[in-house]
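A look at the structure
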There are 2 protein chains.
Amino acid sequence: MLVQKYRDMLSGKSVIRQLSEFAAARGQEIGYENVFDYSLGNPSVPVPQAFTDAMVEMLQKEETSVLHGYSPSLGITSVREAIAASLEKRFGLPYRKEHIFMASGAAGALAHAFRLVTEPGDEVLTFAPFFPEYTPYVNLSGALLKVVPPDTETFQIHFEKLEEMLTEKVMAVLVNTPNNPSGVVYSAETLKRLADLLRDKSAQFGHDIYLISDEPYREIVFEGAEAPCVSAFYDNTIMCYSFSKSLSLPGERIGYVAVNPGCKDAETMIQMCGQISRGIGHNCPPSIIQLAVAKVLELTADLSVYETNRNLIYKELTELGFQCVKPGGTFYIFPKALEEDSVAFCQKALKYDLILVPADTFGAPGYFRMAYCIDRQKVERSLPALRKFVKETY
Amino acid sequence: MLVQKYRDMLSGKSVIRQLSEFAAARGQEIGYENVFDYSLGNPSVPVPQAFTDAMVEMLQKEETSVLHGYSPSLGITSVREAIAASLEKRFGLPYRKEHIFMASGAAGALAHAFRLVTEPGDEVLTFAPFFPEYTPYVNLSGALLKVVPPDTETFQIHFEKLEEMLTEKVMAVLVNTPNNPSGVVYSAETLKRLADLLRDKSAQFGHDIYLISDEPYREIVFEGAEAPCVSAFYDNTIMCYSFSKSLSLPGERIGYVAVNPGCKDAETMIQMCGQISRGIGHNCPPSIIQLAVAKVLELTADLSVYETNRNLIYKELTELGFQCVKPGGTFYIFPKALEEDSVAFCQKALKYDLILVPADTFGAPGYFRMAYCIDRQKVERSLPALRKFVKETY
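Bear in mind that the values here come from a model prediction, so they are computed numbers and not experimental data. (Residues numbered from 1 in each chain as written. Chains lettered and ligands numbered in written order. Predicted model: local features only at pLDDT ≥ 70, side-chain atom pairs only at ≥ 80, totals over all residues. Heavy atoms only, no water.)

A word on the overall build of chain A
The number of helices and strands found in chain A is 14 helices and twelve strands. A compact globule built from 394 residues should have a C-alpha radius of gyration of about 21 Å, and chain A, at 21 Å, falls within 12% of that. Seen along its three principal axes, the alpha-carbon backbone of chain A occupies a region of about 60 × 60 × 55 Å. Looking at chain A as a whole, 62% of its 394 residues qualify as buried. Contacts in chain A between residues at least 24 apart in sequence constitute 75% of all its contacts with a sequence separation of at least 6. Seen as two clouds, the 38 positive and the 48 negative side-chain charges of chain A have centres 3 Å apart. (Helix = DSSP H or I, 4+ residues; strand = E, 2+ residues; numbered from the N terminus. Rg over C-alpha atoms; globule rule 2.2 N^0.38 Å. Buried < 20%, exposed > 50% of the residue type's maximum accessible area, 1.4 Å probe, protein only. Contact = heavy atoms within 4.5 Å. Lys, Arg positive; Asp, Glu negative; His and termini not counted. Charge placed at Lys NZ, Arg CZ, Asp CG, Glu CD.)

Here's the deal with the packing of helix H12 (residues 304-319) of chain B against helix H14 (residues 376-393) of chain B
Residues and elements named next belong to chain B. Contact geometry for H12 and H14: axes closest at 10 Å, N-to-C directions at 10 degrees. Taken together, H12 and H14 sit at an angle that is classed as roughly parallel. Across the interface between the two elements, Val305, Thr308, Asn309, Leu312, Ile313, Glu316, Leu317 and Glu319 of H12 pack against Arg376, Val379, Glu380, Leu383, Leu386 and Arg387 of H14. Its residues assigned to classes, the contact of H12 with H14 shows seven nonpolar, two polar and five charged. (Axes fitted to C-alpha atoms, helices over the stretch in contact; angles between N-to-C directions. Parallel < 35°, antiparallel > 145°, perpendicular 65-115°, else oblique. Nonpolar A, V, L, I, M, F, W, Y, C, P; charged D, E, K, R; others polar.)

Comments concerning the pattern of salt bridges
Residue and element names in this part refer to chain A. Taken as a whole and assessed by the stated rule, the structure comprises 50 salt bridges over all chains. We note a salt bridge from Glu219 to Arg218, for which the minimum N-O separation is 3.4 Å. On the basis of relative accessible area, Glu219 is assigned to the buried category, the value being 18%. With a relative accessible area of 8%, Arg218 lands in the buried category. If you follow the salt bridges from partner to partner, you end up with Arg90, Glu215, Arg218, Glu219 and Glu226 in one network. (Salt bridge = Lys/Arg side-chain N within 4 Å of Asp/Glu carboxyl O.)

Thoughts on the sheet that holds strand E11 (residues 357-358) of chain A
All names here are of chain A. Here three strands make up an open sheet; going across it, the order is E9-E12-E11 and the pairing antiparallel. Every other strand in the sheet has two partners, leaving strand E9 (332-333) and E11 as the edge strands with one partner each. The sheet contact formed by E11 and strand E12 (residues 368-371) spans two bridges and is antiparallel. When the sheet's bridge partners are listed, Val357 is paired in E12 with Arg369. (Pairing = 2+ DSSP bridges.)

Describing the pairing of strand E12 (residues 368-371) of chain B
Residues and elements named next belong to chain B. Residue alternation in E12 divides its side chains into two sets, Phe368 and Met370 and Arg369 and Ala371, and both sets are buried. Pairing of strand E9 (residues 332-333) with E12 involves two bridges; the strand directions are antiparallel. Of the residues in E12, the one forming a bridge with Ile333 is Met370.

Description of the nonpolar core
Ranked by size, the top nonpolar core spans 78 residues in total, and within it Ile212(A), Ile238(A), Ile212(B) and Ile238(B) carry the most contacts. With residues up to four places along the chain from it excluded, the contact list for Ile238(B) reads Ala113(B), Leu116(B), Val117(B), Tyr210(B), Leu211(B), Ile212(B), Ser213(B), Val257(B), Ala258(B), Val259(B) and Met269(B). (Core = buried A, V, L, I, M, F, W, Y, C linked by side-chain atoms within 4.5 Å.)

In structure tokens form, the structure reads like this:
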């Protein structure tokens, strides 16, 4: 007998995927360059040449038994050391290899984080708008995801709602800053207030509440700013990082868990990740990819196009009268639709070959997401279509 | 609060890992070339040059957004097609891409297989001697692993014991042929008898019993033989394959699930694997590795040294009076120790710098495992030490 819960999931098709498939099909008709596809968060800029060079050099020089051999269960030691040193240098926290666990992208890192600190039935809180995959990620681990409604003025945290929902059952709070889908970067003030609240509630409930920080967009911050480091505000932070967006490597499944050195069980938690792996068939990200990213830790792909695109789109949207928080990072923007039903709104946009994603599954009905990780030229060509759509429809 | 079950696992150190660490430490003292380390099943032969060439060529020629981009959730379509075609050609079953799911090695494949067909509390049977990692693999999925005692005469299946244990609670039977640790290849007769029994019991219980076939050693079979294909005997077979041993790529985490096309829900099961992935943070093996193995599907590393080593060791062991089933494949041999307590036996062997693994955790106390995936020269140099150990001790 096949397990019904997975069979049932087959009928619930992802809206993003459906739209992306529509875009591909429409591309067959009119040429994909004429479809203004803002559906998918797939990095558009090339991988740094230094990464490719590092891969080729290792393939040509290293003994294959070393290059492709088993990695230790927590990851390759030299790679963990390099990541810890890089985090220490950048964020000023005393990370050591003992705080680093190599994981298959952010999804792999999160899978370990949830299992570290939640038993079946425990609650994990996150904040709308949120990445819809968090729902299966958390719920299939046995815990229960609950979503704090958004503060739509700022897309920072709605603290009144959070306080209502932060009960004794909550073992972890999941944040994602810079945020998919809003593009908003949590301010230092937001993170400080969150940390203070979690410390208070941990004391009140007599158990630690962990902060799980999903940070794949950490390097994509605009106007030369840095996103405030979540871990710097709260000791019990489990950082989940992915190189997918910073190095344009989403298919290579490489990231890590970094437990804040100030967390009292930090080293034990990393050891526990190695045990969790055995149950979920994880067994480390690929050896050669671990070794290659360690050689380019201080680099990113050329991420500047995302800021250019943000500027173009934000200007156009505000001129057209959209209510929209200006993104501080990522490659997403999250405006309010021009009618209450954002599904209907996005449906109407399709006639103009604009692929916009309604935000119901992101926990913010009435809004929509545009993923602008596409060519600048295409963004420029899309703006007249956007204008035409709005003028003719609303 | 950290989850206690994972914390508790930290105290149970793997015997194999402890011995391997001992061997490394001893190597520091006397030179690792003088430590006869038979502890780890880590392939010793080089990766085929064609794999390395394929990797380099793709890195030099392909656009990075294609090469390193997201793979579809079931794996890259062309890779699944190539694997299906290769399986069809080799085993004569009508595999199509719809029956193939790309997974992170056999561990990843098994993680999906257990979750496909078992609910918490369901039983999975396997046969001693068995790979000890099966215990956390199954039990952390929520199901319960039960081990059928060995037929120590042949290390084929002990059918009387199996029939006793094959109750209504059993949803899957897990086989591993060629077998780690015994080196034995299940005969066609064994597989036919197993399939007949599972069909009978499925009918009797009114639910399907799935056969999960873990096949990382499929290509390592001696004397020009082929291991009988498990799937060919039983429609409800979930094949779990890894390229780790055949291509000497254990660190790159690449394998697949192949559901027998004759299984009535085969295509649904593969789709369900994509849903299971979301809960365990899997999201496909690395794109570049998927593409590279698809180019060398008909190749293996030069595996002949394993047969040479088997011949050397088997001859020596039998001359020394060990009771030992002759391995038909893999790079393991599994003799009976010369005293009842195989832990004590292996402890005494350490004085001769022989690293042998006692088989208690393999479900066959009184036996020990030698992993002979090492240089032939080292095997030859180890034989006098083995002889000396036996003569002086027993």
